[in-house]
Amino acid sequence: MKVTLATHGGQAAAINLRLPPQVLDTGTLPDEAAAQIARLVAAAVPEAAAPEPPGGAPDAMSYTITVEDSGRTTVLTRSDTTMSPAFAALLDRLREYFAQQDTEG
């Protein structure tokens with residue numbers, strides 16, 4: 001499974017424009033870590049069918065998580081003000097993984 005995280009907007013919008021999306025290939029993770037990501041994705045994917053609620057704060061960050069698995073692509077988009085607990089849990093775990101990669105690499 002390949003999971004891509006792109007961050008948009010917020011007060012750091014100009015900085016984020018220049019940053020490429022972060023990519024995680026779960027095939028490179030230990031089995032338990034890959035299974036954890038798969039569980040978090042499975043919990044967040046039902047949101048893909050629901051449109052993002054209108055409104056929100058103009059300076060809120062928005063996040064696009066793209067999941068590619070078995071030839072199927074699912075795109076989840078939420079903002080700081082509209083994310084569900086399942087989306088937040090997936091986002092937090094991805095951020096932890098990418099922060100860990102930054103300190104190791």
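This report concerns the structure included in the present document. (Residues numbered from 1 in each chain as written. Predicted model: local features only at pLDDT ≥ 70, side-chain atom pairs only at ≥ 80, totals over all residues. Heavy atoms only, no water.)

### Concerning the overall build of the protein
Point 1. Across its full length, the protein holds three helices and four strands.
Point 2. Its helices and strands taken in sequence order, the protein reads β-α-β-α-β-β-α from the N to the C terminus.
Point 3. Buried positions account for 34% of the 105 residues belonging to the protein.
Point 4. In the protein, of all internal contacts separated by at least 6 residues, the share reaching a separation of at least 24 is 64%.
Point 5. When the accessible surface of the protein is split by element, carbon and sulfur atoms take 55% of a total near 6,300 Å². (Helix = DSSP H or I, 4+ residues; strand = E, 2+ residues; numbered from the N terminus. Buried < 20%, exposed > 50% of the residue type's maximum accessible area, 1.4 Å probe, protein only. Contact = heavy atoms within 4.5 Å. Areas by Shrake-Rupley, 256 points an atom, 1.4 Å probe, with all protein chains shown as cover.)

### With respect to the pattern of salt bridges
Point 1. Applying the stated criterion across every chain, the model contains three salt bridges.
Point 2. The closest approach of N and O atoms between R39 and E32, which form a salt bridge, is 3.0 Å.
Point 3. One salt bridge in this structure joins R93 and E96, with 3.6 Å as the shortest N-O distance. Of the two residues, R93 and E96 are both situated in helix α3 (residues 85-104); the distance of three residues between them amounts to about one turn of the helix.
Point 4. Here R93 falls in the buried class, since its relative accessible area comes to 17%.
Point 5. Residue class for E96 comes out partly exposed when judged on its relative accessible area of 48%. (Salt bridge = Lys/Arg side-chain N within 4 Å of Asp/Glu carboxyl O.)

### Considering helix α2 (residues 31-44)
Point 1. Taking 1.5 Å of rise per residue, 14 residues should cover 20 Å, and α2 covers 20 Å from first to last C-alpha, within 8% of that figure.
Point 2. Every buried residue belonging to α2 is among A33, A34, I37, L40, V41 and A44, and all of these are buried. Around the axis of α2, the buried residues are gathered within 125 degrees of arc, so they sit on the same side. Residues D31, E32 and A42 are exposed on α2 and point more than 90 degrees away from its buried face.
Point 3. Check the buried side of α2 and you find it contacts β1 (2-9), β2 (22-25), β3 (61-69), β4 (72-79) and α3. (Expected span 1.5 Å × (residues − 1). Arc of directions from axis to C-beta.)

### Things to note about the environment of S70
Point 1. Residue placement: S70 occurs in the loop between β3 and β4.
Point 2. Given a relative accessible area of 75%, S70 falls into the exposed group.
Point 3. When the C-alpha positions of S70 and K2 are compared, they lie 9.7 Å apart, and in sequence the two are 68 residues distant.

### Concerning the side chain of T26
Point 1. With respect to the element layout, T26 can be found in the loop between β2 and α2.
Point 2. Under the relative-accessibility criterion, T26 is labelled buried at 9%.
Point 3. If sequence neighbours within four positions are ignored, T26 has contacts with M1, A34 and I37.

### Observations concerning the packing of aromatic side chains
Point 1. Scanning all chains against the criterion turns up one aromatic pair.
Point 2. Both rings, one in Y97 and one in F98, keep their centres 5.4 Å apart while their planes meet at 70 degrees; by these two values the pair is edge-to-face. (Phe/Tyr/Trp six-rings, centres within 6.5 Å; stacked < 30°, edge-to-face > 60°.)

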